[in-house]
2 protein chains.
Amino acid sequence: MGISKIDKMHSLSKNQQIIFDLIDKSPEPLKAYTILFNVQKKGIKAPPQVYRALDKLVEMGKIHKIESRNAFIACHNSSCQVAKATAFSICEICEKVTEISSAGLSKYLANFKDKDGMKYSKYNLEFFGLCKKCR
Amino acid sequence: MGISKIDKMHSLSKNQQIIFDLIDKSPEPLKAYTILFNVQKKGIKAPPQVYRALDKLVEMGKIHKIESRNAFIACHNSSCQVAKATAFSICEICEKVTEISSAGLSKYLANFKDKDGMKYSKYNLEFFGLCKKCR
DNA sequence: CTTATAAATGTTATATTATTACATAGTGTT
DNA sequence: AACACTATGTAATAATATAACATTTATAAG
């Protein structure tokens, strides 16, 4: 059997798959060195291996980087196949991070014009507050 | 003469002033260690001195951190006296960063409700694209 | 003024996050 | 097989940020 060309195009390399699986299963954003420690048993031993996989996964839109936390979460928004327009809510107490998928919000931001009339299709928005549990 | 109480309340400590002046005069965002190298002649010799001043200046809303760049710029938006609701455009070629002050945008974001009906008064938005010069 | 308190500073060391550089191996195409 | 491209392995190091503790300066209360 094997993997068809089309599937292969969309499939992940070994290290990418290992690291994506870990992030995807995690209920919270993971930091690069947390990932490293957790995949050493699978043979990924050095930072560049982790950072390279993270870079590719971000490019593909499979994961997102939470910039204010230097941490990574899996994309759970089927519409953002590419890492270009992201929004998150972050709880300042428990650090829970949730990806926001709001058609209204993405539409508003994609159509926003700055004072030079410039539009931006790429953005990252991080909201801070308290989650339900922590309120 | 000297400084009145009211003025003093709003004034910066020595290190804060040195570091704020440097950032405020810079046409581009400055990184912590760039700041450190540039203020060593003024007696600020170690990272904690820089990071402490940066933290306070961010708290006060005098400067903002550009999270995706780990760099700091002076606030040029008289309405954001506190570092709680910020928006920037970032040129992906020349790395020019501009603070966006749009009443419409801040209103939209401050009133945005997530799917749980939650509102957020604190946020950071970074738009990416090409500036006028680089287009 | 002086004493208590809080804020800021100075200093050393270390923790955390990320990249450079180079060698090797696998994959897909012609 | 030859080539180009992507991914991997590895060591070293660069860049970003904080911990811990001693000291000094500023502020406010008595």
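All figures in this text were calculated on a predicted structure; none of them were measured in a lab. (Residues numbered from 1 in each chain as written. Chains lettered and ligands numbered in written order. Predicted model: local features only at pLDDT ≥ 70, side-chain atom pairs only at ≥ 80, totals over all residues. Heavy atoms only, no water.)

Notes on the interface of chain B and chain A
Working step 1: Across the contact, 25 residues belong to chain B and 25 residues belong to chain A.
Working step 2: In this assembly, chain B packs against chain A so that about 2400 Å² is buried in total across both faces, 67% of it on carbon and sulfur atoms.
Working step 3: At the boundary of chain B and chain A, one finds 2 salt bridges.
Working step 4: Salt-bridge contacts for Lys-122 of chain A lead to Glu-92 of chain B; the nearest nitrogen and oxygen are separated by 2.6 Å.
Working step 5: Linking chain B to chain A there are 11 residue pairs in polar contact (both at pLDDT 80 or more).
Working step 6: Elements with a contribution of two residues or more to the side of chain B that touches chain A: helix H5 (103-111) and strand E5 (122-129) of chain B.
Working step 7: Considering every element that reaches the side of chain B that touches chain A, the biggest residue donor is E5 of chain B, with 8 residues.
Working step 8: Of the residues assigned to the side of chain B that touches chain A, the class counts are 12 nonpolar, 6 polar and 7 charged.
Working step 9: Note: strand E5 (residues 122-129) of chain A against E5 of chain B, 7 bridges, orientation antiparallel. If you follow Glu-126 of chain A over to E5 of chain B, its bridge partner there is Asn-124 of chain B. (Contact = heavy atoms within 4.5 Å. Buried area = accessible area lost by both parts, 1.4 Å probe. Salt bridge = Lys/Arg side-chain N within 4 Å of Asp/Glu carboxyl O. Polar contact = N/O pair within 3.5 Å; in protein donor to acceptor, adjacent residues only side chain to side chain. Helix = DSSP H or I, 4+ residues; strand = E, 2+ residues; numbered from the N terminus. Nonpolar A, V, L, I, M, F, W, Y, C, P; charged D, E, K, R; others polar. Pairing = 2+ DSSP bridges.)

Examining a nonpolar patch on the surface
Residues and elements named next belong to chain A.
Working step 1: Together, Tyr-33, Phe-37 and Tyr-51 line one region of the surface with nonpolar side chains, adding up to about 340 Å² of accessible area.
Working step 2: When you line up the elements, Phe-37 lands in helix H3 (residues 32-39).
Working step 3: Accessibility expressed as a relative area gives 55% for Phe-37, which makes it exposed. (Patch = residues over 30% accessible without salt bridge, like charges linked within 9 Å, V, L, I, M, F, W, Y side chains within 5 Å. Areas by Shrake-Rupley, 256 points an atom, 1.4 Å probe, with all protein chains shown as cover. Buried < 20%, exposed > 50% of the residue type's maximum accessible area, 1.4 Å probe, protein only.)

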